[in-house]
Amino acid sequence: ETGVTQTPRHLVMGMTNKKSLKCEQHLGHNAMYWYKQSAKKPLELMFVYNFKEQTENNSVPSRFSPECPNSSHLFLHLHTLQPEDSALYLCASSLRSGGALETQYFGPGTRLLVL
Amino acid sequence: DQQVKQNSPSLSVQEGRISILNCDYTNSMFDYFLWYKKYPAEGPTFLISISSIKDKNEDGRFTVFLNKSAKHLSLHIVPSQPGDSAVYFCAASGRNNQGGKLIFGQGTELSVKP
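Quantities reported herein were computed from a predicted structural model and do not represent experimental measurements. (Residues numbered from 1 in each chain as written. Chains lettered and ligands numbered in written order. Predicted model: local features only at pLDDT ≥ 70, side-chain atom pairs only at ≥ 80, totals over all residues. Heavy atoms only, no water.)

Draft legend 1. View of the overall build of chain A. On a plain count of helices and strands, chain A comes out with zero helices and 11 strands. For chain A, whose C-alpha radius of gyration is 13 Å, the value lies close to the compact-globule estimate of 13 Å for 115 residues. Dimensions along the principal axes, computed over C-alpha positions, put chain A at roughly 40 × 30 × 25 Å. Sorting the 115 residues of chain A into buried and exposed places 50% on the buried side. In chain A, the share of contacts with a sequence separation of at least 24, taken over all contacts with a separation of at least 6, comes to 54%. A total of about 5,400 Å² of accessible surface is found on chain A, and carbon and sulfur atoms cover 51% of it. Put simply, chain A has 11 plus and 9 minus side-chain charges, and the middle of one group is 6 Å from the middle of the other. (Helix = DSSP H or I, 4+ residues; strand = E, 2+ residues; numbered from the N terminus. Rg over C-alpha atoms; globule rule 2.2 N^0.38 Å. Buried < 20%, exposed > 50% of the residue type's maximum accessible area, 1.4 Å probe, protein only. Contact = heavy atoms within 4.5 Å. Areas by Shrake-Rupley, 256 points an atom, 1.4 Å probe, with all protein chains shown as cover. Lys, Arg positive; Asp, Glu negative; His and termini not counted. Charge placed at Lys NZ, Arg CZ, Asp CG, Glu CD.)

Draft legend 2. Examining unusual backbone geometry more closely. In the segment running from Thr7(A) into Pro8(A), the intervening peptide bond is cis, with an omega of -10°. Take Pro8(A): it is sitting in the loop between β1 (4-7) and β2 (10-13). The residue after Val78(B), namely Pro79(B), is reached through a cis peptide bond having omega -5°. Relative to the helices and strands, Pro79(B) is located in the loop between β8 (72-77) and β9 (86-93).

Draft legend 3. Expanded view of the pairing of strand β4 (residues 32-38) of chain B. Residue and element names in this part refer to chain B. Most of β4 sits out of view: seven of its seven residues are buried. Alignment of β4 against strand β5 (residues 45-51), held across six bridges, turns out to be antiparallel. Note that in β5 the partner of Tyr36 across the bridge is Phe46. Between β4 and β5, which pair antiparallel and follow one another directly, the connecting turn spans six residues, one of which, Ala41, has a positive phi of 65°. Pairing analysis gives seven bridges linking β4 to β9, with the strands arranged antiparallel. When the bridges of β9 are listed, Phe33 appears paired with Ala92. (Pairing = 2+ DSSP bridges.)

Now the structure itself:
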């Protein structure tokens, strides 16, 4: 248990569906991150939020829409996804983003399958 | 452009022996390096880290070595245990040019056999 939770753990959706992934951290951190891990590839950073403000969008398609209502919660809204978007989506948090020697703590991930 | 590379996708070690996982990086601005361990169906778990001002950091059975001139780091696990079987990711960040973002390697799957 790392103090970062994600729901749902598994999700199957069609290309026309709209769904949302949720992440919550109980560590008192101020930065939250979304990563994507596809098979046999390194973790890819998608978005960074620092004190509720988005500070990084790593050229992510607009069919992925993040939302950070407060420092403890992070959402990833999904719509009109493609089968190649099937992957493990990981949320992480750290004390803040951009600081020296920051360690990120990860949630268990949501395994997404797009049909 | 892969800035952090783990060239061995897998490693098999006998229980009780030493496991050595390697990682190379290309960006000389990286100043903080981390190792994460990942079991199937779970997120990565932070294991150990090292800053660029050190060349060694030890925590129990885990030791990370950093060779800045070679842009190489390694994780030593001794003695290896079957419960250490997992995928290990190295990651790097550089405050000056990366904004604290972590860049991950592809991972090495360690199998420790009883």
